[in-house]
Every structure is written in structure tokens, then in C-alpha cells.
Amino acid sequence: MSRTILPDPRQSPRFAGIATFCRYPLLDLVPTECRPVDWAIYGVPFDGGVTYRPGARFGPRAIRDASQYVKRYSIEHDLDLCDTLSLADAGDAPVRPYSCKDNADTVAAFAESLADPNHTRLLAVGGDHSIAYSNIKATWSRRGRPGGGLALLHFDSHLDTVDSVWGERWGHASPFIRAIEDGLIDPKRMLSIGIKGPLNSRADLDYAKGKGVRLITHGEWGRQGPAMLAAFRQELGDAETYLTFDIDCVDPAFAPGTGTLCPGGFTSAEVLAIVRSLVGVNLVGADIVEVLPDRDPAGITAFLAAHILFEILCLDGARRPKASRA
Ligand SMILES: [Mn+2]
């Protein structure tokens, strides 16, 4: 018995119908026996926080479209995701295109109210990285406002711990400094993976390092990265963990459709394997951000983002008891 009812692709072609994330049902249309949903996936079409090229407001639409070809069974995890988890597309959050702070508050309020706050986990699809703050805040409050904050696995080329840019404190360079200040995440249980330069100055690293944030730069990944990740995982144990995925950690050769490019990142195969390797993490919320469809002529960035979305959900699916896995 499927927990998520999907159209049968052998009957209803994947290129037909109205596009929802991975063809999951709209939240309001989920049948009673599949409620409460395990994950609500929602778009945040906001890019008012960008510091370079705009356009990520069109990310949720592009990823919905690209995700029509995301299938349900993972070979690597031996997991039929839709047999295991009840998943739904909760539509788009209301946004405030002209104000980052107003937007952050509006999106957080929407996310906090979605589906069953005691059960449903939240996956936000951006949008620029500023929207991560809102989904982290909603996740943190739905998990009972844990003291010390959530652990954070952060994939990115950039640290996103800048205090302010052009006087704006809520833009896409700042979500994690705000989340640390507000106690939503614990910087000592935060790991940033794929960071690379050049930076504006060496001092850009100071805040994160001073707070105890761990980094695996892209250069380090090829040397001792997997061992560093394994050690961090060991430390995390079963801690409630949020995963934030900025597509710009992937090399622009594989993910050109993004606004603040950084050459020399992960290949798509590498990054899918790294996400899969996180199986066992106690994942309580996630986002995927910074897809910019206007710079994505072959749609490969949105297509990769759609598959990363699937792999993130598989991390939770693979943790569920075998018995409930049909
Ligand atoms: Mn980022």
C-alpha cells in the first residue's frame, strides 16, 4: 500500500498534467488514509536577497517542471520512497518581493502552520538562500524549540554568515548568522561542505570559525573530506539535523543555472553520492535553493535540484523501519 498516491506513469504520461513536485499530490488533495503527511514540500519564489544575478524566484516552477521525471524507487537505498513516506506539494509560500525581513517573517509563519505541526517535516524549495532562515525557524519551532538549536549540514560554495550587505541583514549572504544569533542552529554542530574561494578577505572566515562552525572546503574534500564528514557524523549521533543545499556548491559545468557562481565544485555524481552517504542522519527539515532557470538553458540545474530533493527525502525514508517499507 502506497503512502503517497502517484499517477501511474504507464497510464498517465509524465509530460501531461499540472506539475507538482515529483508528481506528489497537492497537500489539500491528500487522501485521509495518507494523513498527516510526513513531508510538506513547498516553493518560496523569492530572490529579493541576492547580491549578484537575480532570477531564483523562478526556481520553484522550474524544479516542479524538471521533477516530473523523478522516479520513486531508489536502487542505492533499496527504497520505494512513495511506499514509505506520505509526501505532498504544499504550493508556494506567500512572499514579500520588496522586503527581505518581511519575507522571512511571512514565509516562516506560513511554514509553521503547514499540515500537522507535530508530525509533518518541511522541505522548502527556493528561491535564494535567505529563505533557509524561515524554514529553519519553522522547523525549530515545530520540533519543540530545542535548546541549543538544531544541527546543520550545509552544502554551499559560500559560508552565508556575512553580517550585512548594502545595509541588508536578511539577504542571501546572511541566513546562518541570523539563525545562529537566534539560537535556531547550534554552530558547534554545523558543518559547511564545499566552501571555496576566492573570498573578499580572510576575515570572511572569522565569524564562522570563531563560533566553532566546521568547514570542509572543496579543496579538502578531495583529500580528507570523507573522513572529516564521517567524524562529524559520529559526533552528531542522533541529533535533530537540518540540511540546507545551495546548488552553487556544484561546479557550474554541471549546474550553470545559479546566481553567484563559483567554478571548480562538485560534479553532479559526486554530490548525489555525498547526499546518499548521509543515510542514518536524523533529518528533521531541509531546503534546496539558488536555482536560476534563466541561466539554465538545458534545464540541467533544475533537473539536478529535483533529484537532490528526492535524495534528501530518501535519507528519511531509509531510516524508517523495514516493516513500514511495504
Ligand atoms: Mn548559499
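Since this is a predicted model, take the numbers as computed values, not measurements.

Asker: Please set out the overall build of the chain residue by residue, giving values where relevant.
Answerer: Counting its secondary structure elements, the chain contains 10 helices and 10 strands. Radius of gyration (C-alpha) of the chain: 18 Å, near the 20 Å computed for a compact globule of 326 residues. Referenced to the eigenvectors of the C-alpha coordinate spread, the extents of the chain come out at roughly 55 × 40 × 35 Å. Looking at the 326 residues of the chain, the share that counts as buried comes to 51%. When contacts within the chain are restricted to residue pairs at least 6 apart in sequence, long-range pairs at least 24 apart make up 78% of them.

Asker: Can you explain unusual backbone geometry? Please cite residues and give values.
Answerer: Following arginine 35, the chain continues into proline 36 via a peptide bond in cis, with omega recorded as -5°. Considering the arrangement of structural elements, one finds proline 36 in the segment before strand E1 (39-44). With an omega of 15°, the peptide bond between glycine 126 and glycine 127 qualifies as cis. Structurally, glycine 127 can be placed in the loop between strand E5 (121-126) and helix H4 (131-142). One non-glycine residue with positive phi stands out, namely cysteine 22, at about 55°. In this structure, cysteine 22 sits in the segment before E1. Of note, the phi angle at arginine 145 is positive, near 50°, even though the residue is not glycine. Of the residues examined, arginine 145 has 10 C-beta atoms within 10 Å and is grouped as exposed.

Asker: Account for the packing of helix H1 (residues 59-66) against helix H10 (residues 300-317), with residues named and values stated.
Answerer: Contact geometry for H1 and H10: axes closest at 8 Å, N-to-C directions at 75°. As the angle between them shows, H1 and H10 are arranged roughly perpendicular. Of the residues in H10, those in contact with Ala62, Ile63 and Ala66 of H1 are Ala302, Phe303, Ala305 and Ala306. For the contact of H1 with H10, a count of residues per class yields seven nonpolar, no polar and no charged.

Asker: Quick one: what's the story with the environment of aspartate 160, residue by residue and with numbers?
Answerer: Within the secondary structure, aspartate 160 is located in the loop between strand E6 (150-155) and helix H5 (175-181). Accessibility expressed as a C-beta count within 10 Å gives 26 for aspartate 160, which makes it buried. The contacts of aspartate 160, once residues within four sequence positions are left out, are His129, His172, Ala173, Ser174, Pro175 and Phe176.

Asker: Before we move on, could you go through the pairing of strand E8 (residues 214-217) and cite the residues and values that matter?
Answerer: Looking at chain direction, strand E7 (residues 185-195) and E8 are connected through four bridges and run parallel. Residue pairing for E8: isoleucine 193 is matched across the bridge by isoleucine 216. Where the polypeptide runs from E7 across helix H6 (residues 206-211) and back to E8, its parallel neighbour, the crossover connection is right-handed.

Asker: Kindly report on the sheet that holds E5, identifying the contributing residues and their values.
Answerer: Read across the sheet, eight strands follow the order E4-E1-E5-E10-E9-E6-E7-E8 without closing on themselves; strand pairing throughout is parallel. With partners counted over all chains shown, the strands left at the sheet margins are strand E4 (87-92) and E8, one partner each. Between one strand axis and the next, the sheet turns through 15° on average, direction left out of account. Sheet topology places E6 next to E7; five bridges connect them, and they run parallel. Paired with leucine 150 across the strands is isoleucine 185, a residue of E7. Contacting E6, E7, E8 and strand E9 (240-246), helix H8 (residues 225-236) crosses the sheet at an angle of about 155° to E8.

Asker: Which residues make up the nonpolar core, and what are the values?
Answerer: If you look at the biggest cluster of nonpolar residues, it comprises 97 residues, and the most contacted ones within it are Ala40, Ile41, Ala305 and Leu309. Of all the elements, H10 adds the most residues to this core, at 12 residues. Contact partners of isoleucine 41, with chain neighbours within four places excluded, come to Phe21, Tyr24, Leu87, Ala88, Asp89, Ala90, Leu123 and Val125.

Asker: I'd love a proper account of H1, names of residues and values included.
Answerer: With respect to burial, H1 is a largely interior element, six of its eight residues being buried. Turning to H1, its buried residues number three or more, namely Gly59, Pro60, Ala62, Ile63, Arg64 and Ala66. Elements in contact with the buried residues of H1: E1, E4, E5 and H10.

Asker: Describe the environment of phenylalanine 245, listing the residues and the values that go with them.
Answerer: Looking at where phenylalanine 245 falls in the secondary structure, it is placed in strand E9. Taking the number of C-beta atoms within 10 Å as the measure of exposure, phenylalanine 245 has 28 and is therefore buried. What phenylalanine 245 contacts, discounting residues up to four positions off in sequence, is Phe155, Asp287, Ile288 and Ile308.

What counts and how
- Residues numbered from 1 in each chain as written.
- Predicted model: local features only at pLDDT ≥ 70, side-chain atom pairs only at ≥ 80, totals over all residues.
- Helix = DSSP H or I, 4+ residues; strand = E, 2+ residues; numbered from the N terminus.
- Rg over C-alpha atoms; globule rule 2.2 N^0.38 Å.
- Buried ≥ 20, exposed ≤ 12 C-beta atoms within 10 Å, placed from the backbone.
- Contact = placed C-beta atoms within 7 Å.
- Axes fitted to C-alpha atoms, helices over the stretch in contact; angles between N-to-C directions.
- Parallel < 35°, antiparallel > 145°, perpendicular 65-115°, else oblique.
- Nonpolar A, V, L, I, M, F, W, Y, C, P; charged D, E, K, R; others polar.
- Pairing = 2+ DSSP bridges.
- Right-handed = clockwise from strand over helix to strand, strands pointing away.
- Core = buried A, V, L, I, M, F, W, Y, C linked by C-beta atoms within 7 Å.

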